[in-house]
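Each chain, letter by letter, is given below.
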Amino acid sequence: MQLQNICQVLNIDIKISNDIDIIGLNSLQEATSNQLSFLENKKYLSQLQETKAAAVFVTQDMANKVPNNTIALVCDQPYEVLAKASKFFAPQVAQTTGKKPKLGKNSTIMPNVYIGFDTTIGDNVTILSGAFIGDNVTIGDNSIIYPNVTIYRDCVVGDNVIIHAGTVIGSDGFGFATTKDGQHIKIYQNGNVTIGNNVEIGANCTIDRAAFSSTIIEDMVRIDNLVHIAHNCKIGKGSILVTQTGLSGSTTLGEYVVMAGQSATTGHLSIAPFTTILGRGVVSKTIKEPKKHWAGFPLMEHRSWLKLQGKIQKLIK
Amino acid sequence: MQLQNICQVLNIDIKISNDIDIIGLNSLQEATSNQLSFLENKKYLSQLQETKAAAVFVTQDMANKVPNNTIALVCDQPYEVLAKASKFFAPQVAQTTGKKPKLGKNSTIMPNVYIGFDTTIGDNVTILSGAFIGDNVTIGDNSIIYPNVTIYRDCVVGDNVIIHAGTVIGSDGFGFATTKDGQHIKIYQNGNVTIGNNVEIGANCTIDRAAFSSTIIEDMVRIDNLVHIAHNCKIGKGSILVTQTGLSGSTTLGEYVVMAGQSATTGHLSIAPFTTILGRGVVSKTIKEPKKHWAGFPLMEHRSWLKLQGKIQKLIK
Amino acid sequence: MQLQNICQVLNIDIKISNDIDIIGLNSLQEATSNQLSFLENKKYLSQLQETKAAAVFVTQDMANKVPNNTIALVCDQPYEVLAKASKFFAPQVAQTTGKKPKLGKNSTIMPNVYIGFDTTIGDNVTILSGAFIGDNVTIGDNSIIYPNVTIYRDCVVGDNVIIHAGTVIGSDGFGFATTKDGQHIKIYQNGNVTIGNNVEIGANCTIDRAAFSSTIIEDMVRIDNLVHIAHNCKIGKGSILVTQTGLSGSTTLGEYVVMAGQSATTGHLSIAPFTTILGRGVVSKTIKEPKKHWAGFPLMEHRSWLKLQGKIQKLIK
C-alpha cells in the first residue's frame, strides 16, 4: 500500500516527492525501509533516533528527533493511528484460493483435519482429528499434532515437535488502542509464531502471534498444560514452563530458564539464562544475573523469601 | 410443567385451587409469576418478601414471610429441592429436530463446522473449521468464530464479535447442592450467555451459562486468553480482562473495569466502574467507589500495597 | 520386549541365565515381576528394598540394596535411562487397525466425531461434534461428552459422567529427564486416566495420563473450568476442584477435599479427607489431619491466615 494513500486515509499531512510502497508495520528497532513504525512512549526515544523505518507515527514535539532517512508522520495519538493502520496489512482470516497443501512422505492426516492453502507438512508427521492447520503454515518432520489443536495462518513449527490437544498457536495478541471516548481499536496482529525443533507443548495452552515479527519458541523448550505466552515473547532454548504460567507481551527468556507453576511475568522485560522462578513468582523487572533462584510477588531472591516466611511464622505465633 | 405435578414428584404438600403452568426457575428478584424460586440463605429475606415468583421453596420457619401472591413450598432443604427441580426444565443436550439454521449473506462456513437447529447466523460472518454452534444460537453480523470454538445452545453473540480458537461459550455453571449423605446434585444450568457488539474474546477462555437468566458480556469488552467467567456474571461495557483472570459466580463489573493478569473475584459482589485490579489482586467484597486502583490478596488500595512492600523489604534486610 | 535386548540397546551389562519378557515400566511400589523400575532419589530406598520389579535401574552404590528376586541394572543416570526405556513401551499415537468401536443402545454420536479402534461406548451416551475418542477407550452409560473434548487412547470414563467442551483427558504428563549436556529426554507416559461414575468436569480442563499406572478421578468428583490435574494424581470421591486450580504430579486427595479457586499443590503429597484449601492456597506438604481449613502460600491454618491479615492491616496504617 502506498504511503500517500495510507496517510490520506488516516488524515495525516505529508509532502513527499517519491511515494513508497509500504508492506507492513514493525517496531522501531526491527522496521525496514518499507515498513512503518511509531513512538508513543518517550522512553524509546533512542530507538526512534536509530530506526530504519520508512516513516514513523510521532507527536509534533518528537518530529525533529526522527532520523534523516525516515519520514515523520505527525499525529496526536500515534498508538491509535498505528492501530488503525494495522488493519491495512491484516491478512485474510481464511484464504479461499492458493496452492494445495504439500504433504511429506509417510505423514498421517486423520479424518476431520483442515489444512489451509500454501501450507507445507513434512515427512512422518501425524495430525490427529479435529486439528486445524491454517494457511501458509509450515510443519517440520516427525511432528505430532494432537486432536483439536489450532494453528493459525503463517505459523512455523519445527521438526520433532509435539503439540498436545486443544492448544492454540498463533491466536491474536491482546493488543488495542483505547481512544479518549472509550473505543478499543484493535491492533491487528500481523506477525506469527515460530517454534523450533524438539519442542513439546502441553494441552490447552495459548501462544499468541506477534503484533509484528514473531513470537519465538526456541529449540527443546518444554511447556506444560494451560500455559499462556503473549505476543512477541521469546522463549530461550531448553526453557521449561510449568502449568498455568502466564507470560505477558514481549517477555524474553534466556536459555534454560525455569518458570514453575502459576508463575508470571509482566511484559517488556528479559530474564537471564538458567534463572529459576519458583511457583507463583511474578517477574516485573528484567533479571540480568544468570543462574539465580527467585520467588514471591514482588519477586525476591529465594533465600530472602524463605527468611520472610520465617518472620511471618513468628508474627502469627 | 404444572405446579402440582412438580410438587408431587418432589414430595412437597400443597393445596391450591388453580394449578399453575411453571416454565422455569429463577432468582427471587427476577422470577415472574410462572417461575419458581427458593430461599436458602436468610440474608436474602428482603428479596423473598418482594419476590414475584409463582412459588418459592422455603423452610417451615420462613413460610410466613412469603408474600401473598406467592405460594410457599415448604421443605427441609430448599437448595437441594431446587437442584432436583432444575432438571425438569433442562433443555435437550442436542436437538434432533427443529428449523434448519438461517444463514446471512456473504457468510463463510468452513468444513467440519456443526450448526444446530433453530440457529441464526448474520451477514458476513466467518466460522472456521471445528467450531460447534449449538441449537437456538444467534450470531450477529461480521463476527468471526475461530476454529474449535464451542458455543452451547441458546447463547447470543452480537455484531462484530471475534472469538478466538478453543474458547467455550455457554458451558454449565459450576452449580450443585450437596446432600447430608454427600451426594452432589447437579443444578441444571438453564440460562444462557449473551455477548454484546464489538467484543473480542481470546483463546481457550470459558464463559459459563447462567443457572437461570443470562451471563452477560456487554459491548466492547476485551478478554485475553485462558480467562474464566462463571455463571451469572455481568461484565460492563468496555471492561478489560487480562490473561488467566477468574471471576466467580454472580460477579458484576461496571463499565471499563480492568482486571489485570491472574486476578480473581470471589462471587456475589460488584465492582464500581473504572476500577483497576492489578495483577494477582483478589476482590472478595463489593467495591463501591469508582476509578480506584487495588492490589493484593486480601485486596487493598494500590498505594497501601506499595507501602506494605516497603515494610517487607525492611523485614528481610 | 526381552530384558537382554533392552539392556543391550541401553548399554547396560547384565548376566542372566533366563531372559524375561518385560511388558512395561512402573514405580518401585507397583512394579510386578515383568516390569522395570528405577531408583534415582535415595529417599525412596525403603521402596527399593521391597520392590517386586523384575529389574531396577540403579547407580552402582545402590546395587546391593536391590532385593533377591530383582535384577540390578547398574547405570550412572537411572532416571535418564528410564526415560530412554519408556519409549520402548509407548503405544502407537493412533492405531490404523483394530476392532471397530462398540456402541451401546440409544447412544448418539453427532457428526465430526472420531472414535478410535478397540473402543467401547455404553448405552444412552451422547457425544457431540468435534469430540475425539481415542483407541481402546471405554465410556460408561449415560455419559455426555461435549464438543471438542479430546480423550486420549486407553482412558476409562465411568457412567453418568459429563465432560464439558474443550477438556482434554489423557494428554501426556510433563515428564522428562535432563541430561548433563542439556537435552530433555521425554519420559513416555504409558499409563492412562480412569474416571469413576457421576463425575462432572468443566470446560477446557486438562487431566494428564499417568507415566505408569493411572491418574484416578474417583466417583462423584466435581471439577470446574480450566483446572489442571497432573500425571499420577488421585482425586478422592466427592472432591471439589474450583476453577484454575492446578495439581502437580502424584498429588493424592482424600474423599471430599475442596480446593478453592486458583489453589495449587506441589507434587508428591497427600491431603486428608474433608480438607478445605481456600482460594489461592498452595499445599506443599502432606496434610494428615482431616477436616481442617487451610489458606495462603506458604500454607497455614485459616485462622492463622486471618490473624496474619490483621497484623498486615496494622503494618500499613
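If you're wondering where the values come from, they're calculated on a predicted model, not measured in any experiment.

Definitions and cut-offs
- Residues numbered from 1 in each chain as written.
- Chains lettered and ligands numbered in written order.
- Predicted model: local features only at pLDDT ≥ 70, side-chain atom pairs only at ≥ 80, totals over all residues.
- Heavy atoms only, no water.
- Helix = DSSP H or I, 4+ residues; strand = E, 2+ residues; numbered from the N terminus.
- Buried < 20%, exposed > 50% of the residue type's maximum accessible area, 1.4 Å probe, protein only.
- Polar contact = N/O pair within 3.5 Å; in protein donor to acceptor, adjacent residues only side chain to side chain.
- Contact = heavy atoms within 4.5 Å.
- Phe/Tyr/Trp six-rings, centres within 6.5 Å; stacked < 30°, edge-to-face > 60°.
- Lys NZ or Arg CZ within 6 Å of the ring centre and 35° of its normal.
- Buried area = accessible area lost by both parts, 1.4 Å probe.
- Salt bridge = Lys/Arg side-chain N within 4 Å of Asp/Glu carboxyl O.
- Nonpolar A, V, L, I, M, F, W, Y, C, P; charged D, E, K, R; others polar.
- 1 Å grid on protein atoms, 1.4 Å probe; cavity = no way out; pocket = protein on both sides within 12 Å on 5 of 7 lines; lining within 4 Å.
- Points joined across faces, edges and corners; volume = space filled by probe spheres on them.
- Pairing = 2+ DSSP bridges.
- Expected span 1.5 Å × (residues − 1).
- Arc of directions from axis to C-beta.
- Least-squares fit on C-alpha atoms with pLDDT ≥ 70 in both.
- Axes fitted to C-alpha atoms, helices over the stretch in contact; angles between N-to-C directions.

*Asks:* Can you tell me about the side chain of S263(A), naming the residues and giving the values?
*Replies:* By the element assignment, S263(A) lies in the loop between β29 (258-259) and β30 (264-265). Under the relative-accessibility criterion, S263(A) is labelled buried at 0%. Looking at S263(A), its side chain comes within polar contact range of the main-chain oxygen of A260(A), at 2.7 Å. Not counting residues within four places of it along the chain, the set of residues in contact with S263(A) comprises Q244(A), T245(A), G246(A), I277(A), L278(A), R280(A), G281(A), Q262(B) and R280(B).

*Asks:* Talk me through the packing of aromatic side chains; I want residue IDs and the actual numbers.
*Replies:* This model, assessed by the stated rule, comprises 18 aromatic pairs over all chains. Centre to centre, the rings of Y256(B) and F274(B) are 5.4 Å apart; their planes meet at 10°, and the pair counts as stacked. Residue Y256(B) is located in the loop between β28 (251-253) and β29 (258-259), and its partner F274(B) is located in the loop between β31 (269-271) and β32 (276-277); the two are separated by 18 residues in the primary sequence. Of the residues examined, Y256(B) reaches a relative accessible area of 14% and is grouped as buried. Where F174(C) meets F176(C), the ring centres are 5.3 Å apart and the plane angle is 85°; that geometry is what we call edge-to-face. It is R222(A) that lies over the ring of F176(C); its NZ or CZ is 5.9 Å from the centre. Taking NZ or CZ as reference, K186(B) lies 5.5 Å from the ring centre of Y188(B), over its face.

*Asks:* Could you give an account of the interface of chain C and chain A, naming the residues involved and the relevant values?
*Replies:* Each side of the interface is counted separately: chain C has 46 residues, and chain A has 39 residues. Together chain C and chain A conceal approximately 3,300 Å² of surface at their shared face, both sides included; 63% is due to carbon and sulfur atoms. The largest per-residue losses of area from chain C upon contact with chain A belong to V93(C), F174(C) and H184(C), which jointly make up 20% of the total buried on that side. Connecting chain C to chain A are one salt bridge. One salt bridge connects E200(A) with K186(C), and the closest N-O pair in it is separated by 2.8 Å. Viewed at the interface, chain A and chain C are joined by 21 residue pairs in polar contact (both at pLDDT 80 or more). At the level of elements, β16 (168-171), β18 (184-186), β21 (206-208) and α4 (302-315) of chain C are the ones that each hand at least two residues to the side of chain C that touches chain A. Class assignment of the residues belonging to the side of chain C that touches chain A gives a composition of 19 nonpolar, 20 polar and seven charged.

*Asks:* Pulling in residues and values, what's your account of empty space enclosed by the protein?
*Replies:* Enumeration according to the criterion identifies eight cavities of 30 Å³ or more in this entry. Estimated volume of the largest cavity: approximately 780 Å³. Lining the largest cavity are 30 residues, with F297(A), I312(A), F297(B), F297(C) and I312(C) sitting closest to its centre. When the residues that make up the lining of the largest cavity are grouped by side-chain class, the tally is 21 nonpolar, six polar and three charged. The space that makes up the second largest cavity amounts to roughly 190 Å³. Here the lining of the second largest cavity is composed, by residue class, of three nonpolar, six polar and three charged.

*Asks:* Pulling in residues and values, what's your account of the sheet that holds strand β22 (residues 214-217) of chain B?
*Replies:* One open sheet holds the nine strands; their spatial order is β5-β8-β11-β14-β19-β22-β25-β28-β31 (chain B), and the pairing between them is parallel. Either end of the sheet is taken by a strand with one partner, and the two such strands are β5 (102-103) and β31 of chain B.

*Asks:* Which residues make up the pairing of strand β22 (residues 214-217) of chain C, and what are the values?
*Replies:* All names here are of chain C. Residues T215 and I217 of β22 are buried on one face, while the alternating residues S214 and I216, pointing to the opposite face, are not. Sheet topology note: the strand β19 (residues 192-195)/β22 ladder contains four bridges and is parallel. By the bridge assignment, N192 is partnered in β22 with S214. One ladder, built from two bridges, connects β22 with strand β25 (residues 234-235); its direction is parallel. Looking at β25, one finds that I216 is bridged to K234.

*Asks:* Tell me about the pattern of salt bridges, and please be specific about residues and values.
*Replies:* If you walk through the whole model with that rule in mind, you get 33 salt bridges over all chains. A cluster of three or more residues bridged by salt bridges with shared partners is formed by D135(A), R153(A), D154(A) and R209(A).

*Asks:* Quick one: what's the story with α4(C), residue by residue and with numbers?
*Replies:* With 14 residues, α4(C) ought to run about 20 Å at 1.5 Å a step, and its terminal C-alpha atoms sit 20 Å apart, in line with that. Within the span of α4(C), buried status applies to S304(C), W305(C), L308(C), Q309(C) and I312(C). With its buried residues spanning 145° around the axis, α4(C) presents them on a single face. Along α4(C), exposed side chains directed more than 90 degrees from the buried face belong to R303(C) and K314(C). Against the buried residues of α4(C) lie α4 (302-315) of chain A, β35 (300-301) and α4 (302-315) of chain B together with β34 (293-295) and β35 (300-301) of chain C.

*Asks:* So what's going on with the relation of the copies chain B and chain A? Residues and values would help.
*Replies:* Of the transformation placing chain B onto chain A, the axial shift is 0.0 Å and the rotation is 120°, giving an RMSD of 0.0 Å. Classification of the inter-copy transformation places it as that of a three-fold axis.

*Asks:* Please provide a residue-by-residue account of unusual backbone geometry, values included.
*Replies:* Glycine aside, residues mostly have negative phi, and peptide bonds are mostly found in the trans state. A cis amide bond links F297(B) to the next residue, P298(B), at an omega of 0°. Structurally, P298(B) is set in the loop between β34 (293-295) and β35. Of note in this structure, M220(B) is not a glycine but carries a positive phi near 65°. On the secondary structure map, M220(B) appears in the loop between β22 and β23 (222-223). The class of M220(B) is buried, set by a relative accessible area of 8%. Look at N232(C): it is not a glycine, yet its phi comes out positive at around 65°. Under the relative-accessibility criterion, N232(C) is labelled partly exposed at 23%.

*Asks:* Go over helix α3 (residues 78-86) of chain A, please, and point to the residues and values.
*Replies:* Residues and elements named next belong to chain A. Counting buried positions along α3 yields seven of nine residues, so the element is predominantly enclosed. Those residues of α3 that fall on the buried side of the exposure criterion are P78, E80, V81, L82, A83, A85 and S86. In this structure, the buried residues of α3 make contact with α1 (3-10), β1 (24-25), β2 (35-38), β3 (55-58), β17 (176-178) and β18 (184-186).

*Asks:* Could you give an account of the environment of D224(A), naming the residues involved and the relevant values?
*Replies:* Residues and elements named next belong to chain A. Summarising the element assignment, D224 is placed in the loop between β23 (222-223) and β24 (228-229). We classify D224 as buried; its relative accessible area is 5%. The spacing of D224 and I145 is 79 residues in sequence and 15 Å in space, taken between C-alpha atoms. Looking at D224, its side chain comes within polar contact range of the main-chain nitrogen of T243, at 3.2 Å.

*Asks:* Lay out the sheet that holds strand β4 (residues 71-74) of chain C with the relevant residues and their values.
*Replies:* Residue and element names in this part refer to chain C. The four strands are arranged β1-β2-β3-β4 in an open sheet whose pairing can be described as parallel. The strands lining the two open edges of the sheet, one partner per strand, are β1 (24-25) and β4. For strand β3 (residues 55-58) and β4, the ladder comprises four bridges, and the chain directions are parallel. Along β4, the bridge assignment pairs A55 with I71. Lying over the sheet, helix α1 (residues 3-10) contacts β2 (35-38), β3 and β4, oriented at roughly 15° with respect to β4. Where helix α3 (residues 78-86) meets the sheet, its contacts fall on β1, β2 and β3, and the angle it forms with β3 comes to roughly 130°.

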